[in-house]
Amino acid sequence: MRPRCIAAIIAGAALGACGPSVHVTTMAAPDAPFGQFRTFRVLTPPPRRDGRREPGDPMLVNSISNQALQSNIADAFIARGYVLDPIAPSFTVAYYASARERLDISLWDYGYRGRWGGFRYMDPVSVYYTEGTVVIDVIDAVTDDLVWRGRGTERTTDDPGTYQKSQRDAVAAIVRKFPMARPPTRP
């Protein structure tokens, strides 16, 4: 078997063995009133500049995906101790989802490397994949200021069941970085 084929098989096995991992980054406003937040509402995504509501990814361009994403976000904030209140929330949650094609190039090193040098061969392996991104914004309902942003990225799949689980896990990973709800203070 040619070395390039072996490297491709190893790369595929290595990618398959690794579970999906979400890379999460967050940012908070220094004066964010997190202690005052008790209730929330999830907003519908705003229209894009080209007039469409969703990005061009067919997994994201449908009401089923949007409803699932809204439900996942609501569940994640409820798990943090917040209460869903569509009428008078203390903060609102906006979200954005997108997907884009990515290229990962790895160098596989194999060959003989003895004490005095020897044969060494570096063979690049290219893997194309789709990276999904979910951005969750928390907006103070009183001031309309953005007070927190969480962003999660990970490799996605075309399998609908795996895709939905991956989306749910990504949202949970992002919202886990948001502060827990504080119980109301009693006078």
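Residues numbered from 1 in each chain as written. Predicted model: local features only at pLDDT ≥ 70, side-chain atom pairs only at ≥ 80, totals over all residues. Heavy atoms only, no water.

1. Quick word on a nonpolar patch on the surface
The cut-off we apply is this: Patch membership is restricted to residues that have no salt bridge and whose relative accessible area is over 30%. Joining uses 9 Å for like charges and 5 Å for the nonpolar side chains Val, Leu, Ile, Met, Phe, Trp and Tyr. In this description, accessible areas are obtained by the Shrake-Rupley approach with a 1.4 Å probe, and a residue is regarded as covered only by the protein chains that are shown. Every case where a carboxyl oxygen of Asp or Glu lies within 4 Å of a side-chain nitrogen of Lys or Arg is listed as a salt bridge. Working definition: helices are DSSP H or I runs of at least four residues, strands are E runs of at least two. Numbering for both runs from the N terminus.
A grouping of Leu103, Ile105 and Tyr128 is seen on the molecular surface, where their side chains present a nonpolar patch of about 350 Å² in accessible area. In this structure, Leu103 sits in strand β4 (residues 91-110).

2. Details of the pattern of salt bridges
A complete count under the given rule lists two salt bridges for this structure. Arg149 is paired through a salt bridge with Asp137; the nearest N and O atoms lie 2.6 Å apart. Of this pair, Arg149 sits in strand β6 (residues 146-155) while Asp137 sits in strand β5 (residues 121-140); the two residues are 12 residues apart in sequence, bridging distant segments of the chain.

3. Let's talk about the side chain of Asp137
This is how the line gets drawn: Exposure categories follow from relative accessible area, calculated using a 1.4 Å probe and restricted to protein chains: below 20% of the type maximum is buried, above 50% is exposed, and the middle band is partly exposed. For the purposes of these results, a polar contact is taken to be a pair of N or O atoms within 3.5 Å, where, inside protein, one atom must be able to donate a hydrogen and its partner to accept one; residues adjacent in sequence count only when each atom of the pair is a side-chain atom. Throughout, a residue-residue contact means that at least one pair of heavy atoms, one from each residue, lies within 4.5 Å.
With a relative accessible area of 3%, Asp137 lands in the buried category. A polar contact of 2.6 Å, which involves the side chain of Asp137, links it to the side chain of Arg149. With residues near it in sequence (within four places) discarded, Asp137 still touches Thr92, Val93, Ala94, Tyr96, Leu146, Trp148 and Arg149.

4. Topic: unusual backbone geometry
Positioned with a positive phi, Asp144 is a non-glycine residue whose angle comes to about 60°. Tracing the backbone shows Asp144 in the loop between β5 and β6. Its relative accessible area of 61% is what places Asp144 among the exposed residues.

5. A few points about helix α3 (residues 160-175)
Here is the rule: By this rule the span expected of a helix is its residue count minus one, scaled by 1.5 Å.
Under the 1.5 Å per step criterion, the end-to-end length of α3 is 23 Å for 16 residues, consistent within 8% with the ideal 22 Å. Those residues of α3 not exposed but buried are Tyr163, Ser166, Gln167, Ala170, Val171, Ala173, Ile174 and Val175.

6. Quick word on the environment of Ser71
Of note, Ser71 is situated in helix α2 (residues 63-79). For Ser71, a relative accessible area of 36% gives the class partly exposed. In sequence terms Ser71 and Arg168 are 97 residues apart; their C-alpha atoms lie 9.1 Å from each other.

7. Observations concerning the confidence of the model for the protein chain
This is how the line gets drawn: Every residue is assigned a pLDDT by the predictor, reflecting its confidence on a scale from 0 to 100.
Here the protein chain averages 76 in pLDDT, while 67% of its residues score no lower than 70. In this model, residues 1-19 is a region of pLDDT below 50 whose contacts with residues beyond four sequence positions or in other chains number 14 contacts. Segment residues 53-59: pLDDT under 50, and 23 contacts once partners within four positions in sequence are set aside and those in other chains are kept.

8. Some details on the packing of aromatic side chains
What counts, and what does not: In this scheme Phe, Tyr and Trp rings, the latter by its six-membered ring, pair at centre separations within 6.5 Å, and the angle between planes marks the pair as stacked below 30 degrees, edge-to-face above 60, and tilted otherwise.
Summed over the entire model, instances satisfying the criterion amount to 12 aromatic pairs. Judged by centre distance (6.1 Å) and plane angle (85°), the ring pair of Phe34 and Phe37 falls under edge-to-face. Accessibility assignment for this pair places Phe34 and Phe37 in one class, buried. Consider the rings of Phe91 and Phe178, whose centres lie 5.7 Å apart with planes at 40°: the pair is tilted. Note that Phe91 is positioned in strand β4 and Phe178 in the segment after α3, a separation of 87 residues in sequence. No difference in accessibility class separates Phe91 from Phe178, as the two residues are buried. Aromatic rings pair up to connect Phe34, Phe37, Phe40, Phe77, Tyr82, Phe91, Trp148 and Phe178 into one cluster.

9. Some remarks on the nonpolar core
Put simply, the rule is: What we call a nonpolar core is a set of buried Ala, Val, Leu, Ile, Met, Phe, Trp, Tyr and Cys residues that are connected through their side-chain atoms within 4.5 Å.
Grouped together as the largest cluster of nonpolar side chains are 26 residues, with contacts concentrated most on Ile73, Phe77, Phe91, Ile136 and Phe178. The element that contributes the greatest number of residues to this core is α2, accounting for five residues. Aside from chain neighbours lying at most four places away, what touches Ile73 is Val42, Val93, Tyr95, Ile136 and Val171.

10. Brief notes about the environment of Gly152
Mapped onto the elements, Gly152 comes out in strand β6. Overall, the relative accessible area of 3% leaves Gly152 in the buried class. When residues no more than four places from it in sequence are discounted, the contact partners of Gly152 are Val22, His23, Val24, Gly132, Thr133, Val134 and Ile174.

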